[in-house]
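# Notes for the structure review
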Amino acid sequence: MPERSGATPSASAWSASPFQVVAAAVSREIALYRIHQKDGAGDDRETEMTASYETIKTRLDGNVLSATFNAPPMNLLGPEVVRDLVVLLEELSHPTAPRVVIFDSADADFFFPHVDMTKVPEYTAEAAKAGGPGDASLGMLFRKLSQLPAVTIAKLRGRARGAGSEFLLACDMRFASRENAVLGQPEVGIGAPPGAGAIQHLTRLLGRGRALEAVLTSSDFDADLAERYGWVNRAVPDAELDEFVAGIAARMSGFPRDALISAKSAINAISLPAPAEVRADAALFQQLVRGEGVQRRTAELFKQGFQTRGATELALGDALGDLKAVD
C-alpha cells in the first residue's frame, strides 16, 4: 500500500472507488515488473541464484527455490542472518528469479526463536542496507519480503517467536508441523512491543481480541491453536508437511507469472500496512528495547539460559510468565 503524502487529493482521487485504487496499485506493480523484465533476460525463464550465503542453503528445483536457514547454534536472528536475507531478497526481486520460494529451517527445534538480543545495533545496521538509514529495521526489510514478485511459503518446524514469527507473517503463506511448531510474540513480556510487523499483521489476520491475546500475554501458541486463530494457513501432520508444501509450491510454479504477481499485488494493496505504520512500530521497539526495564528482564532470562539450547528457550512463554512482576 503506497505511503500517504501530505498533498491534498484531487477531486478525481476522492471519487475513486476502492476497486480503482487497487487496480491502480496493481498496474504500477505490473508496469515496474515489465520494465525490469526488459532490462533483464526478456523471457520467463527462471535463473540460477548467483549469491553465496553464510546462513542460508538454497536449492533450485524448476521454478521453486528452497531456502533453508542454518545459523548454529540455534538460528537466532542476528547480523549474519540479516545480511544474508538482504542479499537473498535483492536476488529474488529480479523478474527472472524463481516464482515460488519455500523457507524452512535446518534446526528442527528452532526456526527463528527471536532476535539476538546482544546484537540489536548490529543486525539493525545490516537491515538498513536493504533500504537506507531511514529504513533501518527488520519491519521494513520484511515488508520487502511481502512485496517480492514471487510467492513465498514458510514451512514451519520448531519455534518461531518475536521477529521469527514476524518473518513468517511477512511470507505469503505459512504451513506448520502439527506436532512440532510453536509461535509466539514474547516482546511485551520482555518489556517492549513487537516492532517488525506482528502488530500490523496479527491484527489483520486474527482480529483485535485475538491479536491482543497473542501480543499482550507473550504466550506460546502450538500449531493447532495458531491454525484456529489464523496465525498460520494450516497445521499439517509432520510426516505429511514436506510433501504437502512441495505439492502446493509445484502447482503454483506452473501458473503464469503475470497472473501470480497481479493477484498478489492486488491482495497486498488491500492488506499490507503502510510504510509509515511499519516505521512507527519499529521506532517504538528500538526506543524501548534499550530501556532499563528490558535490560533487567533479559538479564534475569540470561541467568536462566536465554539464547542457549535448553528449557528456557524451549518453553520461553512459560519462562516469561514466571519472571518477577514489575510495576
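So, here's what we can say about the structure. (Residues numbered from 1 in each chain as written. Predicted model: local features only at pLDDT ≥ 70, side-chain atom pairs only at ≥ 80, totals over all residues. Heavy atoms only, no water.)

Before going further, it helps to examine the overall build of the protein. Scanning the protein from N- to C-terminus turns up 16 helices and 8 strands. Here the protein holds 327 residues, and the buried ones make up 51% of them. At a minimum sequence separation of 6, the contacts of the protein that also span at least 24 residues come to 75%. Of the accessible surface of the protein, which amounts to about 15100 Å², a share of 55% is contributed by carbon and sulfur atoms. (Helix = DSSP H or I, 4+ residues; strand = E, 2+ residues; numbered from the N terminus. Buried < 20%, exposed > 50% of the residue type's maximum accessible area, 1.4 Å probe, protein only. Contact = heavy atoms within 4.5 Å. Areas by Shrake-Rupley, 256 points an atom, 1.4 Å probe, with all protein chains shown as cover.)

The subject of this paragraph is the side chain of Arg143. When you line up the elements, Arg143 lands in helix H5 (residues 138-146). Despite its burial, Arg143 pairs with no opposite charge, the nearest such side chain being Glu277 at 7.4 Å. A polar atom in the side chain of Arg143 sits 3.0 Å from the backbone oxygen of Pro273. (Lys, Arg positive; Asp, Glu negative; His and termini not counted. Salt bridge = Lys/Arg side-chain N within 4 Å of Asp/Glu carboxyl O. Polar contact = N/O pair within 3.5 Å; in protein donor to acceptor, adjacent residues only side chain to side chain.)

Attention shifts here to the packing of helix H6 (residues 163-170) against helix H8 (residues 198-206). Running from N to C, H6 and H8 cross one another at 55 degrees; their axes reach a closest spacing of 9 Å. Comparing their axes, H8 and H6 come out oblique. Read as a crossing pair, H6 and H8 show a hand that is left-handed. Mapping the contact onto sequence places Glu166, Leu169 and Ala170 in H6 and Ala198, His201, Leu202 and Leu205 in H8. The residue inventory of the contact of H6 with H8, partitioned by class, reads 5 nonpolar, 1 polar and 1 charged. (Axes fitted to C-alpha atoms, helices over the stretch in contact; angles between N-to-C directions. Parallel < 35°, antiparallel > 145°, perpendicular 65-115°, else oblique. Left-handed = near helix turned anticlockwise from the far one by under 90°. Nonpolar A, V, L, I, M, F, W, Y, C, P; charged D, E, K, R; others polar.)

So, on to the packing of aromatic side chains. A full pass over the atoms with the stated rule returns 13 aromatic pairs. Seen from their ring centres, Phe111 and Phe167 are 6.3 Å apart, and the 35 degrees between their planes marks the pair as tilted. One end of the pair, Phe111, is in strand S4 (residues 110-112); the other, Phe167, is in helix H6, with 56 residues separating them in the sequence. For the pair Phe111 and Phe167, a shared accessibility class is recorded, and that class is buried. Taken together, the ring pairs connect Phe69, Phe103, Phe111, Phe112, Phe142 and Phe167 into an aromatic cluster. A cation over a ring is seen here: Arg159 above Phe110, with NZ or CZ 5.9 Å from the ring centre. Lying across the ring of Tyr229, Arg210 places its NZ or CZ 4.2 Å from the centre. (Phe/Tyr/Trp six-rings, centres within 6.5 Å; stacked < 30°, edge-to-face > 60°. Lys NZ or Arg CZ within 6 Å of the ring centre and 35° of its normal.)

Right, let's talk about the nonpolar core for a bit. Within the largest apolar cluster, 67 residues are counted, with the highest numbers of intra-cluster contacts made by Phe103, Leu138, Phe142 and Phe167. Among the elements that make up this core, the one with the highest residue count is helix H3 (residues 79-92) (7 residues). When near neighbours in sequence (up to four residues on either side) are disregarded, Leu138 contacts Val82, Val115, Tyr123, Ala127, Ala163 and Ala196. Core analysis: the next-biggest nonpolar cluster, separate from the first, contains 13 residues, Val100, Ile153, Leu241 and Met252 among them. (Core = buried A, V, L, I, M, F, W, Y, C linked by side-chain atoms within 4.5 Å.)

We now examine the environment of Lys144. Examined against the element boundaries, Lys144 turns out to sit in helix H5. Lys144 sits in the partly exposed class, given a relative accessible area of 30%. Separated by 13 residues in the primary sequence, Lys144 and Gly131 place their C-alpha atoms 9.1 Å from one another. With sequence-adjacent residues up to four places away left out, Lys144 is seen in contact with Leu89, Glu90 and Ala130.

On to the side chain of Gln185. Along the chain, Gln185 falls in the loop between strand S6 (173-184) and helix H7 (187-190). At 2.6 Å, the side chain of Gln185 and the side chain of Ser165 are in polar contact. In this structure, Gln185 is in contact with Gly162, Ser165, Glu166, Leu169, Pro194, Ala198, Leu202, Ala214, Val215, Ser218, Ser219 and Trp231, ignoring residues within four places of it in sequence.

With that out of the way, let us pick up a nonpolar patch on the surface. A grouping of Val188, Leu212 and Leu216 is seen on the molecular surface, where their side chains present a nonpolar patch of about 230 Å² in accessible area. When you line up the elements, Val188 lands in helix H7. We classify Val188 as partly exposed; its relative accessible area is 33%. (Patch = residues over 30% accessible without salt bridge, like charges linked within 9 Å, V, L, I, M, F, W, Y side chains within 5 Å.)

Let us look at the pattern of salt bridges. Overall, the coordinates contain 16 salt bridges when judged by the stated rule. Asp238 is the partner of Arg157 in a salt bridge, and the nearest nitrogen-oxygen pair spans 2.7 Å. Placement of Arg157 in strand S5 (residues 151-161) and of Asp238 in helix H11 (residues 238-253) is noted, with a sequence separation of 81 residues between them. Here Asp242 ties to Arg157 by a salt bridge, and the two come within 2.9 Å at their closest N and O atoms. Taken together, the residues span a long stretch of sequence, with Asp242 in helix H11 and Arg157 in strand S5 at a distance of 85 residues. Given a relative accessible area of 38%, Asp242 falls into the partly exposed group. You can call Arg157 buried: its relative accessible area is 19%.

Considered for burial, the residues of helix H9 (residues 208-217) that qualify are Ala211, Ala214 and Val215. Down the axis, H9 shows its buried residues gathered within 90 degrees of arc, on one side only. Elements that come into contact with the buried residues of H9 comprise H7, H8 and strand S7 (220-222). Ser218 lies just past H9 and shows a positive phi near 55 degrees. (Arc of directions from axis to C-beta.)

Remember, this is a structural readout, not a statement about activity or role.
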